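Chain by chain, the residues:
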Amino acid sequence: MTDKELYRIAKEMTKMSYAPFSHFCVGAALECKDGTVFTGCNVENSSLGATMCAERTAMCKAISEGHRDFAKVMITSSGGEAWPCGICRQFMKEFCDDDFIIMTAADEDHIRRYTMDEILPEGFRLRGEAFGETF
Ligand code: THU
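We now turn to the structure provided with this report.

Reading the values: rules and limits
Residues numbered from 1 in each chain as written. Predicted model: local features only at pLDDT ≥ 70, side-chain atom pairs only at ≥ 80, totals over all residues. Heavy atoms only, no water. Helix = DSSP H or I, 4+ residues; strand = E, 2+ residues; numbered from the N terminus. Rg over C-alpha atoms; globule rule 2.2 N^0.38 Å. Near = heavy atom within 4 Å. Polar contact = N/O pair within 3.5 Å; in protein donor to acceptor, adjacent residues only side chain to side chain. Areas by Shrake-Rupley, 256 points an atom, 1.4 Å probe, with all protein chains shown as cover. Nonpolar A, V, L, I, M, F, W, Y, C, P; charged D, E, K, R; others polar. Patch = residues over 30% accessible without salt bridge, like charges linked within 9 Å, V, L, I, M, F, W, Y side chains within 5 Å. Salt bridge = Lys/Arg side-chain N within 4 Å of Asp/Glu carboxyl O. Buried < 20%, exposed > 50% of the residue type's maximum accessible area, 1.4 Å probe, protein only. Arc of directions from axis to C-beta. Contact = heavy atoms within 4.5 Å. Axes fitted to C-alpha atoms, helices over the stretch in contact; angles between N-to-C directions. Parallel < 35°, antiparallel > 145°, perpendicular 65-115°, else oblique. Left-handed = near helix turned anticlockwise from the far one by under 90°.

1. A word on the overall build of the protein
Then step 1. A count of helices and strands for the protein gives four helices and six strands.
Then step 2. Listed N to C, the secondary structure of the protein is α-β-β-α-β-β-α-β-β-α in terms of helices and strands.
Then step 3. Computed over C-alpha atoms, the radius of gyration of the protein comes to 14 Å, within 12% of the 14 Å expected from 2.2 N^0.38 for 135 residues, which places it in the range of a compact globule.
Then step 4. Overall, the C-alpha framework of the protein stretches about 45 × 35 × 30 Å when taken along its three principal axes.

Shown next, in the form of structure tokens:
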């Protein structure tokens, strides 16, 4: 799928957002390496700390459906670009290879692209050869 198509899906997902506290409606579209796309929106909570971000929603949907090989994610909001919070950067790090691309865009002609290493340098995770395991 093209990045513009992914942007349009993410933008459409902002309409599903539950954001009565911030009024910042976020949508995400996560593409797996096999081409499957999972969507997400932010789901806020009266206990603000329980809020779920759009990209984490999409990733949890994908993982719970048996998908773990991710190619790229697009995140956008009703008001323009949306930057992944620290929790989401760490969350995505758990499941993403070095070639994973994180995108945000205010509109389909202004798409910014980053690698995981750019948005979370020296990121931490407990997996890989050091543990002799593949999760
Ligand atoms: N939010 C996301 O869903 N994704 C992002 O990339 C940035 C922030 C949400 C969390 C909260 O519901 C609202 O935006 C304001 O922080």
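After presenting the structure, the write-up continues.
2. Description of the site of the ligand
Then step 1. As a matter of local geometry, the ligand sits amid Ser 22, Phe 24, Val 26, Asn 42, Glu 44, Thr 51, Cys 53, Ala 54, Glu 55, Ile 75, Trp 83 and Pro 84.
Then step 2. One of the backbone nitrogen or oxygen atoms of Ala 54 is found 2.8 Å away from an oxygen atom of the ligand.
Then step 3. One of the backbone nitrogen or oxygen atoms of Trp 83 is found 3.2 Å away from an oxygen atom of the ligand.
Then step 4. Contact with the protein chains hides 80% of the accessible area of the ligand, taken as 370 Å² for the molecule alone.
Then step 5. A class-by-class count of the residues in the shell around the ligand yields seven nonpolar, three polar and two charged.

3. Comments concerning a nonpolar patch on the surface
Then step 1. Where nonpolar side chains cluster on the molecular surface, the patch consists of Tyr 18, Phe 21, Val 43 and Leu 48 and spans about 390 Å² of accessible area.
Then step 2. Within the secondary structure, Tyr 18 is located in the loop between α1 (3-13) and β1 (26-32).
Then step 3. The partly exposed category is assigned to Tyr 18, whose relative accessible area is 45%.

4. Remarks on α1
Then step 1. By the burial criterion, the buried members of α1 are Asp 3, Leu 6, Tyr 7, Ala 10 and Met 13. Along the long axis of α1, the arc covered by the buried residues comes to 120°, so they all point the same way.
Then step 2. Looking at the buried residues of α1, the elements they touch are β1, β2 (37-41), β3 (70-77), β5 (101-105) and β6 (111-115).

5. Observations concerning the packing of helix α2 (residues 54-64) against helix α3 (residues 86-95)
Then step 1. At their nearest, the axes of α2 and α3 sit 10 Å apart, and the two run at 25° to each other. Comparing their axes, α3 and α2 come out roughly parallel. The handedness of the crossing between α2 and α3 comes out as left-handed. Side by side, α2 and α3 meet where Glu 55, Arg 56, Met 59, Cys 60 and Ile 63 of the first sit next to Ile 87, Cys 88, Phe 91, Met 92 and Phe 95 of the second.
Then step 2. Residue classes in the contact of α2 with α3 are distributed as eight nonpolar, no polar and two charged.

6. Some words on the environment of Pro 84
Then step 1. Mapped onto the elements of the fold, Pro 84 is located in the loop between β4 (80-81) and α3.
Then step 2. On a C-alpha basis, the gap between Pro 84 and Glu 108 in space is 18 Å, while along the polypeptide they are 24 residues apart.
Then step 3. Aside from chain neighbours lying at most four places away, what touches Pro 84 is Glu 55, Ile 75, Arg 89, Met 92, Ile 102 and Ile 119.

7. A word on unusual backbone geometry
Then step 1. Phi angles above zero are rare outside glycine, and His 23 is one such case at about 60°.
Then step 2. Backbone geometry places Glu 122, a non-glycine residue, at a positive phi of 55°.

8. Some thoughts on α3
Then step 1. Looking only at α3, the buried set comprises Cys 88, Arg 89, Met 92 and Lys 93. With its buried residues spanning 140° around the axis, α3 presents them on a single face. Exposed side chains of α3 directed beyond 90 degrees from the buried face belong to Gly 86 and Ile 87.
Then step 2. On the buried face of α3, the contacting elements are α2, β3, β5 and α4 (116-119).

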